Amino acid sequence: MATMTSLAVGSLVWVEDPDIAWIDGEVVQVNGEDIKVLCTSGKTVVVKASNLYPKDAEAPPCGVDDMTKLAYLHEPGVLQNLRSRYDMNEIYTYTGNILIAVNPFRKLPHLYDSHMMAQYKGAAFGELSPHPFAVADAAYRLMINEGISQSILVSGESGAGKTESTKLLMQYLAYMGGRAAAEGRTVEQQVLESNPVLEAFGNAKTVRNNNSSRFGKFVEIQFDRRGRISGAAIRTYLLERSRVCQVSDPERNYHCFYMLCAAPPE
């Protein structure tokens with residue numbers, strides 16, 4: 001937070017706003033703890049110094065791809081950076097080795113084709129634009145080079161895109177460790193094809209998302225010494241069992257209930 005000593009007339013700051021979360025402005029008067037700020041929206045507000053955050057006047061308008069480069073890593077600074085990149089259709093941003101994804105709520109197939117996977121194959125982390133493929137490639141390389149198991153944690157609120165991100169990570173690992181199918185489907189194909197089944201029995205419609213995972217999922221993919229996928233195990237846990245007997249309007253139960261009820265006679 002901005003301190004009283006650093007605040008002076010002309011200082012650029014962030015002020016909390018009830019409608020758009022944060023709005024930037026300029027300090028026009030300092031009266032002890034009370035600071036008068038002229039916001040870029042045109043309105044003038046008086047707030048406590050402890051509720052203000054400094055704004056970086058030199059931050060690039062298009063944002064930065066790694067937020068460790070920001071002068072101020074506070075909430076309004078982070079949100080403004082994510083918004084600037086989102087406005088340019090850049091939905092991925094790093095904070096160190098953490099990848100932040102902002103749901104575009106539309107399909108972006110050009111970001112995930114085989115050409116894109118080939119670009120990230122073997123590229124140093126941070127060399128190319130932020131992407132789930134970069135995270136998956138870094139984990140795969142560490143596993144191969146050091147012979148140590150790696151974990152990728154995917155977290156976020158409902159509708160953030162965790163399920164889609166997990167599919168993309170698995171898609172890349174299947175690309176790196178896949179092999180031609182000799183008889184029937186390969187292990188990686190079976191892992192990827194298991195997603196619709198898991199989603200039918202573990203996903204439901206919520207207020208925020210039509211296909212929201214109501215369970216935790218631990219996907220373990222095993223590789224041999226040559227880096228090829230040799231097996232996989234998918235463990236589900238923390239299933240939201242209360243949804244089976246109680247559903248709030250306008251939410252729905254697990255997809256499988258509706259599929260079973262509407263299934264054809266055969």
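The name an unreviewed UniProt entry assigns to the protein is Myosin motor domain-containing protein, from the organism Gossypium raimondii. In its Sequence similarities (unreviewed entry) section, UniProt records this for the protein: "Belongs to the TRAFAC class myosin-kinesin ATPase superfamily. Myosin family."

In the numbering adopted here, UniProt assigns the feature "binding site: ATP" (unreviewed entry) to Gly156, Glu157, Ser158, Gly159, Ala160, Gly161, Lys162 and Thr163. Within the fold, Gly161 resides in the loop between α3 (132–146) and α4 (162–177). The class of Gly161 is partly exposed, set by a relative accessible area of 23%. Here Thr163 lies in helix α4. With sequence-adjacent residues up to four places away left out, Thr163 is seen in contact with Glu199 and Ser213.

Next up on the list: the packing of aromatic side chains. Under the criterion given, the structure shown has seven aromatic pairs. Judged by centre distance (5.2 Å) and plane angle (90°), the ring pair of Trp22 and Tyr53 falls under edge-to-face. With Trp22 in strand β2 (residues 21–31) and Tyr53 in strand β5 (residues 53–54), the pair connects residues that are 31 residues apart, well separated along the chain. Residues Trp22 and Tyr53 agree in their burial class; the two are buried. Between Tyr172 and Tyr175 the ring centres are 5.9 Å apart and the planes differ by 45°, which places this aromatic pair in the tilted class. Of the two residues, Tyr172 and Tyr175 are both situated in helix α4; the distance of three residues between them amounts to about one turn of the helix. The exposure class assigned to Tyr172 is buried, which follows from its relative accessible area of 0%.

Criteria and thresholds
Residues numbered from 1 in each chain as written. Predicted model: local features only at pLDDT ≥ 70, side-chain atom pairs only at ≥ 80, totals over all residues. Heavy atoms only, no water. UniProt positions renumbered as here; feature names shortened; annotations may be inferred. Helix = DSSP H or I, 4+ residues; strand = E, 2+ residues; numbered from the N terminus. Buried < 20%, exposed > 50% of the residue type's maximum accessible area, 1.4 Å probe, protein only. Contact = heavy atoms within 4.5 Å. Phe/Tyr/Trp six-rings, centres within 6.5 Å; stacked < 30°, edge-to-face > 60°.

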